[in-house]
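Chain and residue survey
Each chain is listed here by its residues.
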Amino acid sequence: MHDADTLELTVTDKFYSTESRYSGEPLPEFCIPESWYGTNEFDNISIYEKLEINNGPGYMTTRFSSNNIFYYELRDGYYFDSISVRHIGDTLINGNQLNEAFKIAKDSQNGIDWFIKAANRGIISFGDRDSSKIWEQIQ
């Protein structure tokens, strides 16, 4: 690790599918829509996010590097297995207009323990407990 002051994470892989339905006996079959993306790793940090929609609310999985996994429903007040979600709404952070922003936090002793995600900009900030750094999107 070279203790960078700027991380450059680039989406290196992505997937998006739509729901498909097939009729047949005894029950119709369908494929659940999903989407995901993954970034390169830089200074021991990478991001993988996945959305799964399964007959109800969509569940998100956000993984930083290999061991900081957040599995949650993107709605205000969500709390399960030490992960909490707080709706921030539309706001301005570091001169960037954010739409429908949420702060997702995890009770953790190490690694990434929170991040802020906005509908129009994706993950715009996260905190790394190991380095005591707060990373903010600059583009």
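Here, the structure is the one placed above.
Residues numbered from 1 in each chain as written. Predicted model: local features only at pLDDT ≥ 70, side-chain atom pairs only at ≥ 80, totals over all residues. Heavy atoms only, no water.

**What to know about the environment of Glu34**
The condition is simple: Each helix corresponds to a stretch of at least 4 residues labelled H or I by DSSP, and each strand to a stretch of at least 2 residues labelled E; elements are numbered beginning at the N terminus. Here the term buried applies to any residue with accessible area under 20% of the maximum for its type, exposed to any over 50%, and partly exposed to those in between, with areas from a 1.4 Å probe on protein chains only. Any two residues whose heavy atoms approach within 4.5 Å at even a single point are treated as in contact.
Of note, Glu34 is situated in strand E4 (residues 34-39). With relative accessibility at 26%, the residue Glu34 sits in the partly exposed group. Sequence-wise, Glu34 and Tyr16 are 18 residues apart; in three dimensions their C-alpha atoms are separated by 6.0 Å. Here Glu34 is in contact with Phe15, Tyr16, Ser17, Lys50 and Leu51, once residues within four sequence places are set aside.

**Focus on the environment of Gln137**
Stated formally: In protein, a polar contact requires one atom able to donate a hydrogen and another able to accept it; more generally it is a pair of N or O atoms within 3.5 Å, and residues adjacent in sequence count only if both atoms are side-chain atoms.
Take Gln137: it is sitting in the segment after strand E13 (133-136). When the C-alpha atoms of Gln137 and Ser125 are compared, they prove to be 6.0 Å apart, with 12 residues separating the residues in sequence. Ignoring anything within four residues of it in the chain, the contact list for Gln137 reads Asn96, Arg121, Ile123 and Ile124. Within the local environment of Gln137, its side chain forms a polar contact with the side chain of Arg121, the two groups lying 2.8 Å apart.

**Some details on the packing of aromatic side chains**
Condition: Put simply, two rings from Phe, Tyr or Trp (the six-membered ring, in Trp's case) pair if the centres are within 6.5 Å, and we call them stacked under 30 degrees between planes, edge-to-face over 60, tilted for the rest.
Considering all chains together, one arrives at 8 aromatic pairs under this definition. Relative to Trp36, the ring of Phe15 lies with its centre 6.1 Å away and its plane at 25°, an arrangement referred to as stacked. Of this pair, Phe15 sits in strand E1 (residues 11-16) while Trp36 sits in strand E4, and the two are 21 residues apart along the sequence. On the accessibility criterion, Phe15 (38% relative accessible area) is partly exposed. Note on Phe64 and Phe70: the rings are 6.0 Å apart at their centroids and 80° apart in plane angle, and the pair reads as edge-to-face. Both residues of the pair, Phe64 and Phe70, belong to the buried class. Among the aromatic side chains, those forming a connected cluster through ring pairs are Phe64, Phe70, Tyr72, Phe115 and Phe126.

**Quick notes on the pairing of E13**
Rules: DSSP calls a pair of strands paired once it identifies at least 2 bridges connecting them.
Strand direction decides the pairing type here: strand E12 (residues 122-128) and E13, joined by 4 bridges, are antiparallel. The residue bridging Gly127 from the neighbouring strand is Ile134, located in E13.

**A look at unusual backbone geometry**
Positive phi outside glycine occurs at Ser82, with the angle close to 70°. Its location among the elements puts Ser82 in the loop between strand E8 (79-80) and strand E9 (83-93). Taking relative accessible area as the criterion, Ser82 reaches 22% and is therefore assigned partly exposed. We note that Ser132 has phi near 60°; this positive angle belongs to a residue other than glycine. The class of Ser132 is exposed, set by a relative accessible area of 67%.

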